Structures are given as structure tokens and as C-alpha cells.
Amino acid sequence: MRQGLGQGVCLVQLRVAPAAVGAAAFMQTGLAQAATVLAVRLWPANDYTRVTIELDEAIQFSHRVVENPHRLVVDLAGIALDQPLRELVAKVRADDPFIDAVRVGQYSPTVVRLVFDLKTAVDPQLFKIAPIAQFRYRLVFDLHPTLAADPLAALLKKMQSGPAQPNDPIGQILEQAQAKDNPAASTPNVPATPGVASPTPAAPKPTQRAGPVVRLVTVVLDPGHGGEDPGAIGAAGTREKDVVLAMAKKLRARLIQLPNVRVLLTRDEDVFIPLAQRVATARAVNADVFISIHADAFERRSARGASVYILSEKGASSTAARWLANKENRADQIGGASLMHRNREVASMLMALSTAAQIKDSAVLGKAVLAGLGDVGRLHKSDIEQAGFAVLKAPDIPSILVETAFISNPEEEKKLASQAYQQQVAEAIFKGIQRYLRASGLRSKS
Ligand SMILES: [Zn+2]
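Source: prediction; values computed, not measured.

(A) Quick look at the confidence of the model for the protein chain. Here the protein chain shows a mean pLDDT of 82. Residues at 70 or above account for 75%. Averaged over each element, pLDDT in the protein chain is lowest for helix α1 (residues 9-13) (34) and highest for helix α6 (residues 240-255) (98). Between residues 184-211, whose pLDDT stays under 50, and residues either more than four places distant or in other chains, the model counts 26 contacts.

(B) Structural context of helix α8 (residues 319-329). Turning to α8, its buried residues are A321, L324, A325 and E328. Down the axis, α8 shows its buried residues gathered within 100° of arc, on one side only.

(C) Focus on the packing of aromatic side chains. Inspection of the entire model under this criterion finds 4 aromatic pairs. Both rings, one in F116 and one in F141, keep their centres 6.1 Å apart while their planes meet at 80°; by these two values the pair is edge-to-face. In this pair, F116 is assigned in strand β6 (residues 111-118) and F141 in strand β8 (residues 137-145), connecting sequence segments 25 residues apart. Here the two residues F116 and F141 agree in accessibility, since each one is buried. Following the ring pairs from residue to residue traces out a cluster consisting of F61, F116 and F141. It is R113 that lies over the ring of Y107; its NZ or CZ is 3.7 Å from the centre.

(D) Just the packing of helix α11 (residues 356-376) against helix α13 (residues 419-439), in detail. For the pair α11 and α13, interaxial distance at closest approach is 7 Å and the crossing angle is 140°. What the angle tells us is that α11 and α13 run oblique. Viewed along their axes, α11 and α13 form a crossing whose handedness is right-handed. Along its contact with α11, which presents D361, V364, L365, A368, V369, A371, G372, L373, D375 and V376, the element α13 presents Q424, V425, A428, I429, G432, I433, R435 and Y436. Residues that form the contact of α11 with α13 fall into these classes: 12 nonpolar, 3 polar and 3 charged.

(E) Focus on the packing of α6 against α13. Running from N to C, α6 and α13 cross one another at 50°; their axes reach a closest spacing of 8 Å. Put simply, α6 runs oblique to α13. Classified by chirality, the crossing of α13 by α6 is right-handed. Across the interface between the two elements, V243, A246, M247, K250, L251, R254 and L255 from α6 touch Q419, Q422, Q423, V425, A426, E427, I429, F430 and I433 from α13. For the contact of α6 with α13, the per-class residue count stands at 10 nonpolar, 3 polar and 3 charged.

(F) Representation of the coordination of the zinc ion within the structure. Protein coordination at the zinc ion: the donors are H225 (NE2), E240 (OE), H294 (ND1), E328 (OE) and E328 (OE), at 2.0 to 2.5 Å from the metal. Binding-site remark: the zinc ion is held by donors from one chain whose sequence spacing is H-x14-E-x53-H-x33-E. Taken as a pair, E240 in helix α6 and E328 in helix α8 lie far apart in primary sequence, 88 residues in all. The same class applies to E240 as to E328, namely buried.

(G) Molecular detail of the pairing of strand β3 (residues 61-66). Pairing of β3 with strand β4 (residues 71-77), which is carried by 6 bridges, proceeds in the antiparallel orientation. Bridging from a neighbouring strand, S62 pairs with D75 of β4. Remark: 4 residues form the turn of the hairpin made by β3 and β4, two consecutive strands paired antiparallel; N68 in that turn has positive phi of roughly 55°.

Parameters at a glance
Residues numbered from 1 in each chain as written. Predicted model: local features only at pLDDT ≥ 70, side-chain atom pairs only at ≥ 80, totals over all residues. Heavy atoms only, no water. pLDDT = per-residue confidence, 0-100. Helix = DSSP H or I, 4+ residues; strand = E, 2+ residues; numbered from the N terminus. Contact = heavy atoms within 4.5 Å. Buried < 20%, exposed > 50% of the residue type's maximum accessible area, 1.4 Å probe, protein only. Arc of directions from axis to C-beta. Phe/Tyr/Trp six-rings, centres within 6.5 Å; stacked < 30°, edge-to-face > 60°. Lys NZ or Arg CZ within 6 Å of the ring centre and 35° of its normal. Axes fitted to C-alpha atoms, helices over the stretch in contact; angles between N-to-C directions. Parallel < 35°, antiparallel > 145°, perpendicular 65-115°, else oblique. Left-handed = near helix turned anticlockwise from the far one by under 90°. Nonpolar A, V, L, I, M, F, W, Y, C, P; charged D, E, K, R; others polar. Donors = N, O, S within 2.8 Å, 3.2 Å for Na, K, Ca; no water. Pairing = 2+ DSSP bridges.

What follows is the structure in C-alpha cells.
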């Protein structure tokens with residue numbers, strides 16, 4: 001399409017033109033007006049790195065991947081090189097897992113070319129997002145790693161847990177993966193647990209088992225929002241995506257102290273993860289418990305307290321619950337889920353599966369967690385509520401969504417931002433999970 005790329009000639013000659021040249025060129029070529037770049041954002045993460053270009057109007061773009069070395073070349077049409085685009089160059093972080101550097105230039109009077117020098121081969125997904133919420137027109141370039149040879153093993157590597165139990169093949173894969181990464185210590189990040197034999201990579205022989213085997217329990221924690229999607233923002237600027245991640249990490253630290261519990265976070269950094277992918281992660285690791293963590297917001301600033309939601313098959317339990325589910329389900333549009341292969345597959349896989357039994361189990365889990373939250377603070381609603389939350393749709397996993405407090409309430413916003421309160425909420429959910437595990441016979445001791 002664009003000549004010279006394959007030879008790398010034009011890349012070498014690529015030069016950053018002064019802004020005035022771009023603007024003048026538009027006038028000379030008679031193009032009515034160039035689109036204006038409003039903001040450029042970079043979201044480096046281990047899952048994938050995202051580049052967002054936000055504009056005042058829609059523009060056309062094309063891209064191609066060039067190898068030896070790995071590069072992604074993107075041409076933006078109908079646009080002049082302006083200041084926000086230039087700033088993209090300085091926004092690349094040295095520790096970005098995928099991008100080494102970006103070069104920006106006015107390729108022709110009406111085309112700006114971005115060249116991403118990559119650290120590794122990527123599977124790029126580029127798409128446009130129509131204006132929504134606080135955003136105008138967005139171009140999004142997601143740089144995913146080319147598919148891992150074994151996606152399950154990759155997931156398991158991110159999991160934090162106690163030592164593997166004799167009847168736990170997944171735990172053994174996990175330990176082997178950790179041992180490979182860190183031969184000196186086969187279970188990093190795991191506090192020493194008194195009374196538990198040190199793990200061995202090989203499966204112990206059945207004859208070594210003494211007494212009844214306590215089954216391993218997998219808890220998946222889902223901090224809401226992330227990356228482009230800040231979630232609700234309090235009057236003092238506290239962002240839902242930050243406080244829920246902090247609480248999820250505190251809860252994880254608490255849970256992995258239990259010898260037979262392992263924990264996976266759907267995100268443990270500031271990255272946008274589509275709702276269907278969060279559900280797919282929980283299913284991939286056979287989660288016993290899925291807990292999505294959020295902070296509520298409402299126009300009425302006096303609204304306060306924690307609440308717990310589960311899925312509903314037919315209609316919401318209240319207008320407020322329906323309103324909230326619609327709001328949380330917009331995360332994919334606000335955060336910018338690509339409609340490309342992966343998400344579409346995951347979404348269709350989840351549809352039309354029966355959820356009746358799941359809802360029953362989720363109610364037991366929800367009530368247990370609500371009771372835990374009631375012990376440490378005020379409840380917004382004294383019973384669990386139901387609505388069609390997309391993130392709770394794993395048909396085989398008890399799933400709840402916890403609105404920990406109202407970030408729109410000035411007093412609760414202050415609390416949510418404090419480490420002490422985050423710890424209290426983590427402790428409350430922890431107690432609820434324990435209560436649930438005991439009630440369902442999954443765990444009897446702590
Ligand atoms: Zn939320």
C-alpha cells in the first residue's frame with residue numbers, strides 16, 4: 001500500500017516535520033480541515049500494551065507488521081503532525097513489555113506515520129471506538145503477545161497459592177512453572193506455612209497421604225475496570241479502578257495465607273480487560289469462587305454503604321440493580337473491547353448456557369460476603385440483589401459482584417482511598433469467603 005516499507009528505506013528517512021509544514025500542506029492540497037488529536041495515552045501492561053489516540057473526529061488508518069526487526073507501522077490519514085502525537089515518543093516507558101520506541105513523522109501532506117519498534121513479535125489489534133462517556137473518537141492499537149504456546153500454563157504462572165496438594169495436578173503444573181522461573185525457590189511470594197511439608201515438583205505417591213485430603217480451592221478476584229476505563233471517579237479524584245485493585249491485592253494476600261487456597265487476579269495492574277475475558281479466565285482455572293470488586297456511584301451523594309449482587313436469569317430485583325448492571329456492563333464500550341476474534345469467541349461460548357444452579361450457589365456466597373461486610377461497616381442494602389451483570393455469567397462458578405462503598409459519597413470516598421479501610425473491606429470479604437467455604441464443605445479449617 002505505502003511504497004518503500006518492505007525495504008525499510010522510508011523508515012530510515014523518516015523525519016519529524018515541523019507542525020507548520022503539516023498545516024500548510026493541508027491548505028495547499030485543499031483538504032478542508034485536519035482532525036485534531038486531543039490526547040495520546042499509552043497503557044503498558046504485561047497482558048498487552050495499548051496505545052490510544054483520541055481525536056475530535058473520526059479518521060481513516062491502515063497498518064502493517066514488518067519483521068526483522070519487529071515493527072508495527074500505522075498510517076493515519078487526514079491528520080497533521082501535532083503536539084500530542086509528538087508526545088507519544090516520550091511516553092514509551094523503558095519497561096514496556098512490547099514497545100521499544102516510537103517514531104512519528106509527517107509521511108505525506110495528509111498522512112502521519114507512526115512506527116513502533118517492538119521488543120518482541122506481537123499480534124496487533126487496531127480498531128476505532130465511537131464517542132462514549134467522557135471520550136471522543138478513539139483509535140486503539142492493542143499489542144498482544146503472539147499466542148503463548150500453552151495459555152493455561154501462562155495463566156497458572158500468574159496464580160498465587162499455597163503448596164500443591166497430592167490430588168492437585170493444576171497445582172503441580174504451577175509449581176513446576178514457578179520452579180523453572182526461579183530454581184532457587186520453588187514457591188516465591190508464598191509465606192511459609194507452618195505445619196505444611198515443603199512442596200516437591202513430583203507428585204507424591206498415594207501411599208504417602210495421611211488422613212482425608214482437603215481439596216484445593218481456587219478463588220478468582222476481579223478488580224473492576226482498569227486502563228482506559230477508570231470506573232467511577234469521586235469528587236476528590238479517587239478512581240474506582242485504583243481502589244478496587246488495591247483491595248483485591250489485600251484480599252489476595254489474606255487468602256493465600258490459607259494452606260489450601262490459591263488466588264488469581266483477572267488483572268493485577270492498570271490494564272483494561274474485557275468482561276468476557278474475565279469470565280473466561282475464571283473458567284480456564286476452574287474457579288470455585290469468583291468475586292468482582294467495585295465501588296458504587298450515584299447522583300445522590302448521600303447514597304452510601306456496601307452491597308452485593310448476583311446474576312439474574314430473568315429481570316433485575318430492582319430498578320436500581322438493573323441500572324447498576326447496565327452501568328457496569330458498559331465497561332467494555334468505555335474501556336474499548338475489540339470486537340475481534342478472541343472476545344467474540346469467548347462471548348458466544350458463554351451465551352445460552354443454563355445458570356440456575358450457579359445463581360443458587362452465588363446466593364449462598366453473596367449472603368456470606370454481605371454478612372462479612374455488615375460486620376465491618378454499613379450496608380446499602382440488607383439483602384443481596386440480582387441483575388444481568390455480564391461479568392457474573394460463568395455458568396458453573398458461584399459469582400458475586402461487591403460494591404464496596406459509594407465513591408460518590410465524600411465520606412466514603414475518603415475511606416475508600418485509605419489503606420486502613422481497604423484492609424477492613426478485604427478482611428470482611430475474606431471472612432465471607434471463609435464462611436461460604438465452610439458452609440459448602442470445601443474447607444473446614446483455617
Ligand atoms: Zn464498577
